[in-house]
Amino acid sequence: MIVTVVSVLDGGTTTVSVPEARRRLATDPFLLLGVELPEAEDPAEEPVVRQLGLDDGDLEWFGRQDASPRAEFLGDTAGFVVPVIRGGHVHQVHALASARFLVVVHWGRRAGLAGDIRALVRRERPRDAVAALFLLLQEALSTFRRAAVGALLQVEELEDDMFEERRPEQIYRLSQLRRHSAVLHHALLPYLQGVDEVITRRMMSPDFPVGRQRLAQEFQRAARLVLADIESLQDATRRAFASYGSLVAGEQNGVINRLAIVSVIFLPLSFLTGFFGMNFEFLTNRLETKDEFWLLAVGLQLVAVVGSLFLLHRSRIWRRLRDDE
């Protein structure tokens, strides 16, 4: 376990030992603590809350990789399991905040929020751990927003390319983006519902400070905007699939129209061929000369083809094919 202390003054980090982190949690008036755990969890290792001296029966989930997204207020302490998007995948960050400290736990460097938090602390200079907590929550939302907006731009580019030239790999890429939008929505929606319920319940309490109410309201507004971005991505992928289907249907209609033209031309020819192939007495006894053969067998064929082409030229099918070309 690697424990770092984030400086509020300059946003820098200092690596400390676990006993030192435990001592500072008990004495410092304002402490931002980052805990990096190995990606492979060791069942025999002591829980994080116990190592840091924060052992509490209600915090058994804190620092466990299998914990589900949550938001809980435990007296003066608030605990969160926050989903974060990095590299197109959903990771978890655990946060525990009180009036004096903020402890953030992540696994390896997958979540990648350490640099972002340092930059936010350097720029915003939070006055207490609760303000730093809302900075963390806002930054986690920003990872979802960036992922949704980036995927939305890809969908729009694919949709534009489809109208220029339709290719099989486009539908595969659209399927991936549609799956990505579902992953974003599935990861964020339960978390936001839990946070919104807890924050709303706390805001109804008369002892909830006005400053924290403002932070909570800003978070709720940002959460609604991010959720709207993800829903816009889902709508865009559905629209792109519909556009792809419309293009395929248009091409199939063109093929069917061409087959209809061929059928109109060859149907009279097939009829004449079948008719003159019958062994009626008139056909076998009266049509004996070469001129009669050319006149009836070939002349009627030419008349049928010219008549069919004339009718097609006057019909909407011909004009539609000409417009498609």
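The coordinates are above.
Position numbers for residues start from 1 in each chain and track the written sequence from start to end. Selection of residues for local features in this predicted model requires a pLDDT of at least 70, selection of side-chain atom pairs for listing and counting requires 80 or more, and totals for whole chains, interfaces and linings are taken over all residues. Think of the side-chain values as coming from all heavy atoms in the structure, minus any hydrogens and water.

Enquirer: Which residues make up the overall build of the protein chain, and what are the values?
Expert: Helix numbering and strand numbering both begin at the N terminus, where a helix is a DSSP run of H or I of at least 4 residues and a strand a DSSP run of E of at least 2. When you go through the protein chain residue by residue, the secondary structure sums to 9 helices and 7 strands. Partly exposed residues are those whose accessible area sits between 20% and 50% of the maximum for their type, while under 20% is buried and over 50% is exposed, using a 1.4 Å probe and protein chains only. Expressed as a percentage of its 325 residues, the buried residues of the protein chain come to 38%. Sequence separation of 24 or more characterises 68% of the internal contacts of the protein chain that already satisfy a separation of 6 or more. Carbon together with sulfur atoms contributes 56% to the accessible area of the protein chain, which is approximately 18,600 Å² in total. Should any heavy atoms of two residues lie within 4.5 Å, those residues are counted as being in contact. Accessible surface is estimated by sampling points in the Shrake-Rupley manner with a 1.4 Å probe; for residues, cover comes only from the protein chains shown.

Enquirer: Pulling in residues and values, what's your account of the environment of T15?
Expert: Turning to its location among the elements, T15 is positioned in strand β2 (residues 13-16). Of the residues examined, T15 reaches a relative accessible area of 59% and is grouped as exposed. Sequence-wise, T15 and V3 are 12 residues apart; in three dimensions their C-alpha atoms are separated by 5.8 Å. In this structure, T15 is in contact with I2, V3 and T4, ignoring residues within four places of it in sequence.

Enquirer: Outline the packing of helix α4 (residues 129-164) against helix α5 (residues 168-203), supporting the account with residue identities and numerical values.
Expert: Interhelical geometry of α4 versus α5 gives an angle of 155° and a closest axis separation of 10 Å. Between α4 and α5, the interaxial angle falls into the category roughly antiparallel. Between α4 and α5 lies a crossing whose hand is left-handed. For the pair formed by α4 and α5, the contact residues are F134, L137, L141, F144, A147, A148, A151, Q154, V155, L158, D161 and M162 on the first element and Q170, R173, L174, L177, H180, L184, A187, L188, Y191, L192 and I199 on the second. In this description, a line fitted to the C-alpha atoms serves as the axis of each element, helices being fitted only across the stretch in contact, and the angle between N-to-C directions of two axes falls anywhere from 0 to 180 degrees. These descriptions rest on fixed angle ranges, namely under 35 degrees for roughly parallel, over 145 for roughly antiparallel, 65 to 115 for roughly perpendicular, and the rest for oblique. Working rule for handedness: look at the near helix, and if it is turned counterclockwise from the far one by less than a right angle, call the crossing left-handed; if clockwise, right-handed.

Enquirer: Pulling in residues and values, what's your account of the side chain of E159?
Expert: Topologically, E159 is positioned in helix α4. Each residue touching E159, except ones within four places of it in the same chain, is listed here: R239, A240 and S243.

Enquirer: Can you break down the nonpolar core residue by residue, with the values?
Expert: One recurring pattern in soluble globular proteins is that nonpolar side chains are buried together. Among buried residues, those of type Ala, Val, Leu, Ile, Met, Phe, Trp, Tyr and Cys that are joined through side-chain atoms within 4.5 Å constitute a nonpolar core. If you look at the biggest cluster of nonpolar residues, it comprises 57 residues, and the most contacted ones within it are F80, L102, L188 and F219. When residues of this core are traced back to their parent elements, those giving at least two are β5 (77-86), β6 (89-97), β7 (101-107), α3 (114-124), α4, α5 and α6 (210-276). Per-element accounting of this core gives the leading share, 18 residues, to α4. Setting aside anything within four residues of it in sequence, one finds L102 in contact with L31, L32, L33, A95, L96, A97, A129, A132 and L133. In this structure, V3, L37, V105 and W107 belong to the second largest nonpolar core, which totals 23 residues.

Enquirer: Any chance you could break down the pattern of salt bridges for me, citing the residues and the numbers?
Expert: When a carboxyl oxygen of Asp or Glu lies within 4 Å of a side-chain nitrogen of Lys or Arg, that pair is called a salt bridge. Enumeration over the complete set of coordinates arrives at 7 salt bridges. Here E139 ties to R146 by a salt bridge, and the two come within 3.1 Å at their closest N and O atoms. The class for E139 is buried, based on a relative accessible area of 10%. What makes R146 partly exposed here is its relative accessible area of 45%.

Enquirer: Just give me the short version of the pairing of β6, but keep the residues and values in it.
Expert: Taken together, the 9 bridges between β5 and β6 define a ladder with antiparallel strand orientation. In the strand pairing of β6, G79 is matched with L96. Two strands pair if DSSP finds at least two bridges between them. When β6 meets β7, the two strands line up antiparallel, connected through 4 bridges. Residue pairing for β7: L96 is matched across the bridge by V103. Between the antiparallel neighbours β6 and β7 lie 3 residues.

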